[in-house]
Amino acid sequence: MRKQGEISTSFSDRDSLDGRESFYLVGIGGAGMSALARMFHHRGLSVRGADSTESVETGRLRSDGIAVTIGHRADGIEARDALVVSDAIDLEVSPEYQRAIELGIPVVRRSQALAWMLKGYRVIAVTGTHGKTTTTGMLGAGLIEAGEEPLVVVGANIPQFGGPVWEGNGAWAIVEACEAYDSFHDLDPQIVLLTNLELDHVDFHGNYENLRNSVLRFVAKLPEDGCLVYCSGDEGACEIAKMSSCRSFGYAAADFARLSAKDSGDVVTMPVQRGQHNLSNAAGALSVSELIGTSVSAAAKGIAGFAGAERRQQIVWADPSGMGFTVIDDYGHHPTEVRESLRAIRDAYITGTLPRRRLIVVFQPHLYSRTQDFIDEFADALNIADEVVLTDIYPAREAPIAGISSARIAEKVKKPVHYIPSRHLLPMKVAGMMRAGDVVVGMGAGNISEFAPALVKELGRVYDLDRTREAASPVRSTRPLQIVVIYGGDSAEREVSIHSGREIHSALLRLGHQSRLVDMTEVFFRGADLGRFVGPERPDLAFLAVHGTHAEDGAIQGLLELLHIPYTGSGIQASAIAMDKALTKQILAQHGIRVPKGALLHEPEPPYDIAPPLIVKPNAQGSTVGLTFVETNSQICPALANAFAYDDSVLVEEWIQGIEISTPVLNGQALLPVEIAPISGRYDFESKYTPGATIEIVPARLSDKLLEESRSLAVKAHNALRCSGATRTDMIVRGDEIFVLEVNTLPGMTRTSLLPNSAAGMGIAFDQLCQMLVEEALGPEKTQF
């Protein structure tokens, strides 16, 4: 994006390029700049360049033998070079620009370099607010078919040209001439083809009058034998023709059929799916063909056969039946372009279909300034679709404007609308809302270009796309589920977690899933890449086998929520509450559940209102980590010291002596209560995890009434904390009273763990238990592809 003052003061004259044989292009990956690079290369000149990010285009340039550096820096610039700078580059922060000034070498805009290479050609400049790229490609295809061998320079990749440039040996050069930042003023046209004109690029021109005057100055560059060819059906184009003194004539969409039959008498028809606006563009291209005296019938065939430019209603994926999915990529970023493209797509793919297909548009506004001026117009244009998805504005170099957001457009859209601020989530979210027959269009001029290909990859996670092409409806994939088992961690229960993770991993493999073990602590602290957790290769599910802090307290759940990966167990809030034993007791008590009396300490000072026997334990650790049974006053201080070694807050509560039981809840249903009978008489860390140290009796040796009451309490506690998946509620039974001690949201899954033993008592084998947890986390419909 270029400023008015920069254009007149920051660049060299284009003639300063005379004699230069080495060129360095800043922003070489852009469509216009990559075209320039290929032109230099084709002419035997030395060319290389840099861009901020790797892209498909930078890869294409390397394949063509052009060196590309990713990242901007000064040390690549040499005294022999001329520097060519994209208008997207901010000169104030460009190290290449600063180095070029130091070396005193020429610095020019892309448009200046292009004009320098067009010396000797008769230039046809295609300009206008909309349709420049397509019309330039059409005219190029027409003149190529007519044998004129033109040079064609387009602002986008043209697949049938093999890129954005077609190098012909004829006299004519057909060039897309952009009105943004007055770049077309550097060209010297013989013919100007004006497709239309309305307000745009307000960040530079400010208002329509300034834009109109800029176009008038460009048209005034035409020589005496030059000509303006303009769309007579467009008010802005007609205004330019009326205010200009040059020779001019207008065209209309209907002229294409008439002109195509001029030589042979046979009318050439345009494909219906191109839309009325492209019929007008074709008429303009054919009118110029007639003007220069070439065979209009041949040109008409070339124009009608033009396959289109990348991102101009480009079909990225479709099945022949039309009953599967159609994914389209489009560059429309002005309300008029959005409206006309959606109309054309609706006419081609939606109108008249039975059952009726849906048109879903996924739109990324381009520039805050453009959005500010066209909020209502964008909303009206988007209403042509059946469903609208909006993502955040692509700013380019603009700073945000207060109060200007895609949400403003969403508020005014009358059709079902979804606002998804992060574009990275679009493929996942849109794939989730799609159904058979849908036509999805990614639209905008920014990095929304990544959406359509990414959506196809996302659909490939759920559907067999090859078989879908052959069938009359989408065919679901039969691939196995991709599951990561998160284990290890950095809590005091790390070793236990490793055992749980290995058991789960083995079970998942036996079940036919693809499973891999991941220790997130290793991932973070060894600098491993999180890339395997995002994009189409991400796991379908994270099976949580971690315990203790940063595992059961909502931390790992928060990470997975940010990554948008489903996981087993409870969510962030329920996990965090359950890990806070004191808070859990408050909530359970409010729900009428009996809990032991106690106090929460933040300093190692013993409470004076609670006397032994006591239980002292960290407030937010595993159920037996740092736990001490206190029988005398002399044991209180050592017990507090032990607990504070694990946590900043410690729970001191009455020691309810009785039968210890634990009742799991699986997917909302209570399993059998497990009676815990430690050999030592105390269920501490050693008794819990040492094989043979505790006898576990399933079901617990209680009356039917107490068994049923414990199951009811477990479900009640599970629901009170809003847990999901599997939980384990620990209790003490004293006489006819049941006290709830705590709720564990990620129960252990080792050979000595209570949840698997309770499930086994109900005939649920370990592998089946794991499958049930998978299905609960994903939903049954998602577990079989």
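Okay, so let's go over this structure. (Residues numbered from 1 in each chain as written. Predicted model: local features only at pLDDT ≥ 70, side-chain atom pairs only at ≥ 80, totals over all residues. Heavy atoms only, no water.)

1. Structural notes on the sheet that holds strand β9 (residues 172–176)
Then, in step 1: The strand order β8-β7-β9-β6-β10-β11-β12 describes an open sheet built from seven strands, whose pairing is mixed. The sheet is open, and its two borders are formed by β8 (163–166) and β12 (248–251), each paired with just one other strand. Taken pair by pair, the neighbouring strands of this sheet meet at an average axis angle of 20°, ignoring direction.
Then, in step 2: Of the pairings in the sheet, the one linking strand β6 (residues 122–127) to strand β10 (residues 191–194) comprises four bridges and is parallel in character. Opposite T127, over in β10, you have L194 as the bridge partner. (Pairing = 2+ DSSP bridges. Helix = DSSP H or I, 4+ residues; strand = E, 2+ residues; numbered from the N terminus. Axes fitted to C-alpha atoms, helices over the stretch in contact; angles between N-to-C directions.)

2. With respect to the pairing of strand β31 (residues 737–744)
Then, in step 1: Most of β31 sits out of view: seven of its eight residues are buried.
Then, in step 2: Sheet analysis places strand β30 (residues 726–734) next to β31, joined by seven bridges and oriented antiparallel. Note on β31: the bridge partner recorded for V733 is I738.
Then, in step 3: Counted between consecutive antiparallel strands, the loop separating β30 from β31 contains two residues, among which G735 sits at a positive phi close to 65°. (Buried < 20%, exposed > 50% of the residue type's maximum accessible area, 1.4 Å probe, protein only.)

3. Considering the environment of P320
Then, in step 1: Locating P320 in the fold gives a position in the loop between β13 (314–318) and β14 (326–330).
Then, in step 2: Taking C-alpha positions, P320 is 9.4 Å from T468, a pair spaced 148 residues apart along the chain.

4. Brief notes about the nonpolar core
Then, in step 1: Core analysis: the biggest nonpolar cluster contains 48 residues, and F23, L25, F40, V84 and L228 have the highest contact counts within it.
Then, in step 2: Top element by residues in this core is helix α2 (residues 31–42). It accounts for six residues.
Then, in step 3: Setting aside chain neighbours within four positions, we find F40 in contact with F23, L25, L45, V47, V84, A113, W116 and M117.
Then, in step 4: Within the second largest apolar cluster, 38 residues are counted, among which are M138, V154, V288 and A298. (Core = buried A, V, L, I, M, F, W, Y, C linked by side-chain atoms within 4.5 Å. Contact = heavy atoms within 4.5 Å.)

5. Some words on helix α28 (residues 754–761)
Then, in step 1: Where α28 is concerned, the buried positions are L754, L755, P756, S758 and A759.
Then, in step 2: Residues of α28 that are buried sit in contact with β26 (659–666), β28 (674–678), β29 (694–697), β30 and α29 (766–778).
Then, in step 3: A positive backbone phi angle near 80° is found at G763, which sits one or two residues after α28.

6. A word on the side chain of T326
Then, in step 1: You can see T326 is positioned in strand β14.
Then, in step 2: A relative accessible area of 2% means that T326 is categorised as buried.
Then, in step 3: Within the structure, the side chain of T326 is placed 3.0 Å from the side chain of R357, a separation counted as a polar contact.
Then, in step 4: In contact with T326, other than residues within four places in its own chain, are W317, A318, Y349, R357, D438, V439 and V440. (Polar contact = N/O pair within 3.5 Å; in protein donor to acceptor, adjacent residues only side chain to side chain.)

7. So, the state of the cysteines
Then, in step 1: Per the counting criterion, the structure on display carries zero disulfides.
Then, in step 2: You can see C723 has no disulfide; the closest cysteine sulfur is in C770, sitting 19 Å from it.
Then, in step 3: Look at C723 and you get buried, because its relative accessible area is 10%. (Disulfide = S-S within 2.5 Å.)

8. Details of the pattern of salt bridges
Then, in step 1: One pass over the structure, following the stated rule, counts 40 salt bridges.
Then, in step 2: When the shortest N-O distance is used, the salt bridge between K119 and D15 registers 3.1 Å. Taken together, the residues K119 in the loop between α5 (110–117) and β6 and D15 in the loop between α1 (4–9) and β1 (22–26) connect sequence positions 104 residues apart.
Then, in step 3: A residue is classified by how much of its surface remains accessible, and K119, at 41% relative accessible area, is partly exposed. (Salt bridge = Lys/Arg side-chain N within 4 Å of Asp/Glu carboxyl O.)

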